[in-house]
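Notes for the structure review
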Amino acid sequence: MFVKRRKFPNSNNNEILNNSNYEKPKQQVAKLRCTKHKDCNGGTSECLQVATNVTEQKHNVTREVRGQNLGLCRGFRGCTLWLTGLSGAGKTSIAFELEAYLVSKGIPAYGLDGDNIRTGLNKNLGFSQVDREENIRRVAEVAKLFADSGVVSICSFVSPFAEDREMARKIHKDADLKFFEIHVNTPLEVCESRDVKGLYKKARQGSIQGFTGVTQAYEAPESPDLAVSTEGVTVRQSTYKLIKLLEDENIIPKFIKEDEPIPELFVPDHLRVEVEAEAKTLPSIPISTVELQWLQVLAEGWAHPLKGFMREKEYLQALHFNCVLSEDETMRENQSIPIVLSVSESDKNKLDGVSALSLSYEGRLVAILRKPEFYAQRKEERCARQFGTANGDHPYIKMIMESGQYLVGGEVEVLERIVWNDGLDSYRLTPNELRKKFQDIKADAIFAFQLRNPIHNGHALLMSDCRRQLVERGFKNPGSVASSTGGVGPRRRRAAAGMNAGANFYIVGRDPAGMPHPDKNMYPDGNLYDGAHGARVLKMAPGLDSIEILPFRVAAYDKSVSQMAFFDPARKGDFDFISGTRMRTLARTGQDPPLGFMEPKAWKILAEYYQSLKSGSTN
């Protein structure tokens, strides 16, 4: 039988009200704690202290200014989510999951938990009528301050009485701050079956009196802003409902969720005939092979949120800040390399001002570019900022210097999936296809490994060791994705692409790996870049908040055991570092690598390929 809420004289009830779920009566009087008498609640006129000599002081910093300068996700986000529900309903689990999600997106957030508050701020409060009311009042006031500072304040308290929760809402309303009441509506039998803290058992045994849900009523919200349950669903699924609420209320931007597809730029099937017919009527410009590759990157969603080749504003953001702003200019997405389309001066003069143009590759129409924007390509600036040098002997710099004098940006509509007919198209999965694969294998973590050279046993060693680390951290089924990527894109671009494909871990070591300087005498090691700088920069790069960087140890061929192993400086003479250049030379000249360096079948395929290039064969 539930005990209903009742009024009784104010007194010290700490011995009776020995847990935070016990119902308390209400006394709507603003008061301060008495400091004269031990265990005094301020219940007598002699001890009651009402503050009368205080004046609110206005901050010099407005909420708008805070929003522009705090957090990676700009804009004022301050609000309070008040999670109420029975003990064991899952309030704290959801609160901390939401906190972690928001922080990973660069949004300041903090979880205020009932138990944590009573061990710190409210450790001087017992469970008397006045103390219990003061507990909720203090929490609401603290949440208000957090919200006013631009933080998403997430409060998880049983708070069984509607009157208390309404008081918390009013505190925020009076401060013109948003307050959302979240009912974690998990059934009593489910909460009791969990009994995380062992409280239900004690309540049933009678050692805890007035326990909410057992001998004390819980006043469920009649019209909560959101009701969620943790029965039969994961904590993450429950948390997504809170995230959607924040998105719908324009508290946070809309983010791509793990179970949502990455936007692609292909023309929908039902519009293809119409768009293809339009493309034939538009003025057209040819694109190079590299530009077709970039079109594929854009179309498949690897470069999301880009919707096409960069306009000048996006180009400058990427070139100078290694990121691009979202449409509402609140989010910074990692983008460390310009994705641009070059045109000649004659094409610029001919097409400037058109509403759309088509792109063709080897005479075949492949896309439409809408509302084109032409702007000058300052090649030295682009090269120096992208590559750290403008030396014309660098192969990609040479390519840029030979490209058009102008760049053109605009949204693209790609007519169909881009294929290369080289026997490898079936392995070129899109981010959405990879996400589907990860779901099918029920992977609870994905680590990405991207490299420029064919995979050998040293790479396999690194990937297996990474999986071991993740298993030791508690993951049950880590999955991996490995791809070979050309050297034009820095690891920061590849890591961002991995995020779009669903990866949450990224393996990185020496990067860029031995890129030679055109002038070999410029630096002692003869390389253009310091091999250790790539990994260090990657950890500091903006917009990579959803992926964790995993540095790896150097692997080399251990001659003492005829296999790839982690390098041991104590016996460095036993190790042979086989570079990609050396590997390709061996393949071209028909020589075999040391036993254990690569699987023989894989080496045979590699050798045949490089020897066919040497002979000019196209098979």
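Residues numbered from 1 in each chain as written. Predicted model: local features only at pLDDT ≥ 70, side-chain atom pairs only at ≥ 80, totals over all residues. Heavy atoms only, no water.

**Topic: the pattern of salt bridges**
Opposite charge on two side chains lets them pair, provided their charged atoms get close. Evaluation of the coordinates by the stated rule reveals 35 salt bridges. Between Arg 169 and Asp 225 there is a salt bridge, with the nearest N and O atoms lying 3.1 Å from each other. Of this pair, Arg 169 sits in helix α5 (residues 162-174) while Asp 225 sits in the loop between α7 (199-205) and β5 (226-228); the two residues are 56 residues apart in sequence, bridging distant segments of the chain. What emerges from the salt-bridge pattern is a single network uniting Arg 165, Glu 166, Arg 169, Glu 181 and Asp 225. (Salt bridge = Lys/Arg side-chain N within 4 Å of Asp/Glu carboxyl O. Helix = DSSP H or I, 4+ residues; strand = E, 2+ residues; numbered from the N terminus.)

**So, the side chain of Ser 358**
Its place among the elements puts Ser 358 in strand β11 (residues 356-361). Using a relative accessible area of 0% as the deciding quantity, one classes Ser 358 as buried. A distance of 3.3 Å separates the side chain of Ser 358 from the side chain of Ser 284, its partner in a polar contact. Among all residues touching Ser 358, those that are not within four sequence positions of it are Ala 279, Leu 282, Pro 283, Ser 284, Ile 285, Leu 365, Ala 367 and Ile 368. (Buried < 20%, exposed > 50% of the residue type's maximum accessible area, 1.4 Å probe, protein only. Polar contact = N/O pair within 3.5 Å; in protein donor to acceptor, adjacent residues only side chain to side chain. Contact = heavy atoms within 4.5 Å.)

**Re the packing of aromatic side chains**
In the structure shown here, the tally under the stated rule is 12 aromatic pairs. For the pair Trp 82 and Phe 157, a centre-to-centre distance of 5.5 Å together with 20° between the ring planes defines the contact as stacked. A residue pair is termed long-range when its members are at least 10 positions apart, and Trp 82 in strand β1 (residues 79-84) and Phe 157 in the loop between β3 (152-156) and α5 qualify at 75 residues. Of the two residues examined, Trp 82 and Phe 157, each falls in the buried class. Ring plane angle 35° and centroid distance 6.1 Å describe the contact between Trp 82 and Phe 179, whose orientation is recorded as tilted. Here the residue Trp 82 occupies a position in strand β1, and Phe 179 occupies one in strand β4 (residues 178-184), the gap between them amounting to 97 residues. Across this residue pair, the class does not change: Trp 82 and Phe 179 are buried. (Phe/Tyr/Trp six-rings, centres within 6.5 Å; stacked < 30°, edge-to-face > 60°.)

**Observations regarding the packing of helix α2 (residues 91-104) against helix α8 (residues 235-248)**
Contact geometry of α2 with α8 gives a least axis separation of 9 Å together with a crossing angle of 60°. Classified by the angle their axes make, α2 and α8 are oblique. Seen along the crossing, α2 lies across α8 with a hand that is right-handed. When α2 is examined against α8, the residues Ser 93, Ile 94, Glu 97, Leu 98, Tyr 101 and Leu 102 are found in contact with a partner set consisting of Val 235, Arg 236, Ser 238, Thr 239, Leu 242, Ile 243 and Leu 246. Looking at the contact of α2 with α8 residue by residue, the class counts come to eight nonpolar, three polar and two charged. (Axes fitted to C-alpha atoms, helices over the stretch in contact; angles between N-to-C directions. Parallel < 35°, antiparallel > 145°, perpendicular 65-115°, else oblique. Left-handed = near helix turned anticlockwise from the far one by under 90°. Nonpolar A, V, L, I, M, F, W, Y, C, P; charged D, E, K, R; others polar.)

**Focus on the confidence of the model for the protein chain**
Overall, the prediction assigns the protein chain a mean pLDDT of 85, with 86% of residues at 70 or greater. A low-confidence stretch, residues 6-33 stays under pLDDT 50, and its non-local contacts, those more than four residues away or across chains, total 98 contacts. (pLDDT = per-residue confidence, 0-100.)

**Digging into the pairing of strand β14 (residues 445-451)**
The element β14 is extensively covered by neighbouring structure, given that seven of its seven residues are classed as buried. Of the two faces of β14, the one lined by Ala 445, Phe 447, Phe 449 and Leu 451 and the one lined by Ile 446, Ala 448 and Gln 450 are each fully buried. Across two bridges, the pairing between β14 and strand β16 (residues 505-508) is parallel. Along β16, the bridge assignment pairs Phe 447 with Phe 505. (Pairing = 2+ DSSP bridges.)

**Brief notes about unusual backbone geometry**
Following His 304, the chain continues into Pro 305 via a peptide bond in cis, with omega recorded as 20°. Along the polypeptide, Pro 305 turns up in the loop between α10 (289-300) and β7 (308-309). For Asn 322, which is not glycine, the phi dihedral falls at a positive 60°. If you trace the backbone, Asn 322 turns up in the loop between α11 (312-321) and β8 (323-325). One non-glycine residue, Asn 421, lies in positive phi territory at about 50°. The class of Asn 421 is exposed, set by a relative accessible area of 68%.

**Some details on the sheet that holds β5**
Spatially, five strands are ordered β2-β3-β1-β4-β5 in an open sheet, and the strand pairing comes out parallel. One side of each edge strand has no neighbouring strand; the edge strands of this open sheet are β2 (109-113) and β5. Strand-to-strand, the axes of this sheet are offset by a mean angle of 20°, without reference to chain direction. As judged from the three bridges shared by β4 and β5, these two strands associate in the parallel manner. Counted as the bridge partner of Val 184 is Val 228 from β5.

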